[in-house]
Amino acid sequence: MFSVAAVGFIVITSIYVVPNASFFFHGNQIEFADFASNALQITNAKHFAEIHGNHSRWGFYHPGPALWYLYATGEYLFHDWLGVSSPHAAHVLIGIVFQVTCAVVVVLYVARKTSGIVVPIAIALLFVHWNSMLGAPNSIWPPHVLYGPFLLLITFGAGVASGDVKLLPIVIFAGGMLVHGHVAQPLFVIPLGCLALSSVIRGGEYKNAHLAISALILAVFVLPIIVDALRGSERNIVTIFHHIKIHAGNHHTLPQGIGYFLSFFLYENKQEIVQGSATFSLTSYLWVHPTLWLVIVLIIACALTPLTRASRFVKWYSAFVTIAVILSVVWSTIQDGEMYGFNGNFIYAVVYLLYLFPWLLAATATSPIKYSYMLAGSLVAVAALWNMRQGYMLSWKGLSGLFIPKPTFTIVVASDQFDSQLKAMTEGAAGVYITFKPERQFEAFAVINQINHLGIPFRVRDGYTFLYRTKVKKHEPELSMEVCGDSGPILPHPHNLPGSTAPCHITVTSMPTGH
């Protein structure tokens, strides 16, 4: 089993790395927009100085920094030791390794609990599924990376509940990654985690070692949250609860929540347009997209499976998936603001597990019922392929794009020249004060990140303190720099960055004392 896992891991990882070899092994990537501000936190994690997750558009940080420490580890391994082209490329590479590992482990575990025939079906489905959705495995934008841990939580949670108590540490690890990654994940992790844990305690088959390892993993994830809670007025946890309190009444309707959840089966990536409308009608939506009725039937069948004679693991798998579906709809109704697709990107893990469900039934059933499940699985697969065509790979014209590995999702430019110019401009500066207009913040983040890589303290205009770990004091001699000014070196502008594409000059308005 280990050798099969190793081969599967290497092959799938290569599929996403080799076509993007120039990105990983040649040139220098300068991150823009959210990727640049996130890189600042990854640098903090590299110095064991980060206790928060990514910054939310609502003004708080998501609960924990686990992802930043994952990417910092990738930077140490792939960039510092093995020479991958840039820190950002190393972050993306470790992200792919992580997502592929989660998926391969899930597939092989499900096959071990059912039948080996599931493996080729699950891998083929995974590949087409990944190519049709935004996010995993080759994006490190935080809303896109919960896919792998969510797969682990549901699948191994079902495994623990069905008797594989030794897998409890994996469930705790997955739950910790999810809670650190997004403020809404306790809604999923607590019920599903408690269900798995209660089954362990009720069954009485656990060993103290399983609980000890699980407790240790839990402590690692809880530690930064406790550190934050002890920070007095700067506590992020207080900001989170304050936001929840003042937005408690900002709910969406149940039909909108159901429609939002179902939209992930269509790979629309435009949920905010469909469900963001005040006149949204679930009936009309289902009429326009009849394949969603098959999805509803699939969910109902999954919910009823625990009442049948299916294998113990399949029953618990069905129970965990069903609960995840219900909680996803609940989350859809209570999320704040517009119903953006990235708010529920983790739902793609539920989509995948539901599409896999009929094949698990077929793998564990006896003839002739087995063939009925295989027919149902084939019907679901055809409907899934039909829906996947609406994914963002549609630009490949037809279904052919579903079988071509998608490119890396990021916003960067490659410019060694700009790096050298920036280094020359800041040489000798005790600190840098960076000014910019709000509409040019994405470019400013890129410059700030590069200055941070140079090890120079910086401060910025009010309203952007989330960029800081340490900052230069106002009275220290500093260089004043305007991003997107009127003269000076030009910062390259990526073609896919939203907003203005006007040239962005870096203007030095004063030099540090004694320069």
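Everything numeric here is computed off the predicted structure, so don't read it as measured data.

Quick notes on the rules
- Residues numbered from 1 in each chain as written.
- Predicted model: local features only at pLDDT ≥ 70, side-chain atom pairs only at ≥ 80, totals over all residues.
- Heavy atoms only, no water.
- Helix = DSSP H or I, 4+ residues; strand = E, 2+ residues; numbered from the N terminus.
- Buried < 20%, exposed > 50% of the residue type's maximum accessible area, 1.4 Å probe, protein only.
- Contact = heavy atoms within 4.5 Å.
- Areas by Shrake-Rupley, 256 points an atom, 1.4 Å probe, with all protein chains shown as cover.
- Core = buried A, V, L, I, M, F, W, Y, C linked by side-chain atoms within 4.5 Å.
- Disulfide = S-S within 2.5 Å.
- Pairing = 2+ DSSP bridges.
- Axes fitted to C-alpha atoms, helices over the stretch in contact; angles between N-to-C directions.
- Polar contact = N/O pair within 3.5 Å; in protein donor to acceptor, adjacent residues only side chain to side chain.
- Salt bridge = Lys/Arg side-chain N within 4 Å of Asp/Glu carboxyl O.

J.: Explanation requested: the overall build of the chain in the structure shown.
T.: Secondary structure assignment for the chain yields 20 helices and six strands. When burial is assessed residue by residue, the chain has 54% of its 515 residues classed as buried. Taking as baseline every contact in the chain between residues at least 6 positions apart, the subset at least 24 positions apart corresponds to 74%. When the accessible area of the chain is evaluated, it comes to approximately 22,300 Å², of which 66% is carbon and sulfur surface.

J.: Can you walk me through the nonpolar core in this structure?
T.: When a protein is soluble and globular, its nonpolar side chains tend to lie buried together. By size, the foremost hydrophobic cluster in this structure holds 156 residues, and its most contacted members are W130, Y147, Y352 and Y355. The element best represented in this core is helix α5 (residues 87-113), accounting for 17 residues. Sequence-distant contacts of Y352, that is, excluding residues within four places in its chain, are made with V107, A122, L125, L126, H129, Y147 and L151.

J.: Can you help me understand the state of the cysteines in this one?
T.: When the sulfur atoms of two cysteines share a covalent bond, that bond is a disulfide. Inspection of every chain in the model, using the stated rule, returns one disulfide. Note that C484 is cross-linked by a disulfide to C504, the S-S spacing being 2.3 Å. Negative torsions about the S-S bond denote left-handed disulfides, and the value of about -95° found for C484 with C504 makes this one left-handed. Separated by 20 residues along the polypeptide, C484 in strand β5 (residues 479-491) and C504 in strand β6 (residues 504-510) bring together distant segments of the chain. On the basis of relative accessibility, which here comes to 14%, the residue C484 falls in the buried class.

J.: Help me out: how do you make sense of the sheet that holds strand β4 (residues 458-460) in this one?
T.: Within the open sheet, the four strands sit side by side as β4-β3-β5-β6. Their pairing is mixed. In this open sheet, the two edge strands, each paired with only one partner strand, are β4 and β6. Each strand of the sheet is rotated relative to its neighbour by a mean of 40°, with strand direction disregarded. The sheet contact formed by β5 and β6 spans seven bridges and is antiparallel. Looking at β6, one finds that E482 is bridged to T507. On the sheet, helix α19 (residues 416-426) packs against β3 (432-435), β5 and β6 and is oriented at approximately 145° with respect to β5. Most of the contacts of helix α20 (residues 441-453) go to β5, to which it runs at about 115°, and overall it touches β3, β4, β5 and β6.

J.: Explain the side chain of E478 here, please?
T.: Along the chain, the position of E478 falls in the loop between β4 and β5. The class for E478 is buried, based on a relative accessible area of 14%. Looking at E478, its side chain comes within polar contact range of the side chain of R459, at 2.8 Å.

J.: When you look at the pattern of salt bridges in this model, what are you seeing that I'm missing?
T.: One side chain can pair with another of opposite charge once the charged atoms of both are near each other. Tallied over the full model, the rule gives seven salt bridges. Close ionic contact of K46 with E75 constitutes a salt bridge, the shortest N to O distance being 2.8 Å. Of this pair, K46 sits in helix α3 (residues 33-46) while E75 sits in helix α4 (residues 66-81), and the two are 29 residues apart along the sequence. Linked through salt bridges whose partners overlap, the residues forming this network are R112, K113, D164 and K166.

J.: Got a minute to help me understand unusual backbone geometry in this structure?
T.: Leaving glycine out, the prevailing phi sign among residues is negative, and the prevailing peptide bond configuration is trans. Cis rather than trans, the peptide bond between A136 and P137 has omega equal to 5°. With respect to the element layout, P137 can be found in the loop between α6 (118-132) and α7 (147-161). A positive phi angle, near 55°, is found at A33, a position not held by glycine. Relative to the assigned elements, A33 resides in helix α3. In this structure A33 comes out as buried when scored by relative accessible area, which is 4%. One non-glycine residue, F48, adopts positive backbone phi at about 55°. With respect to the element layout, F48 can be found in the loop between α3 and α4.

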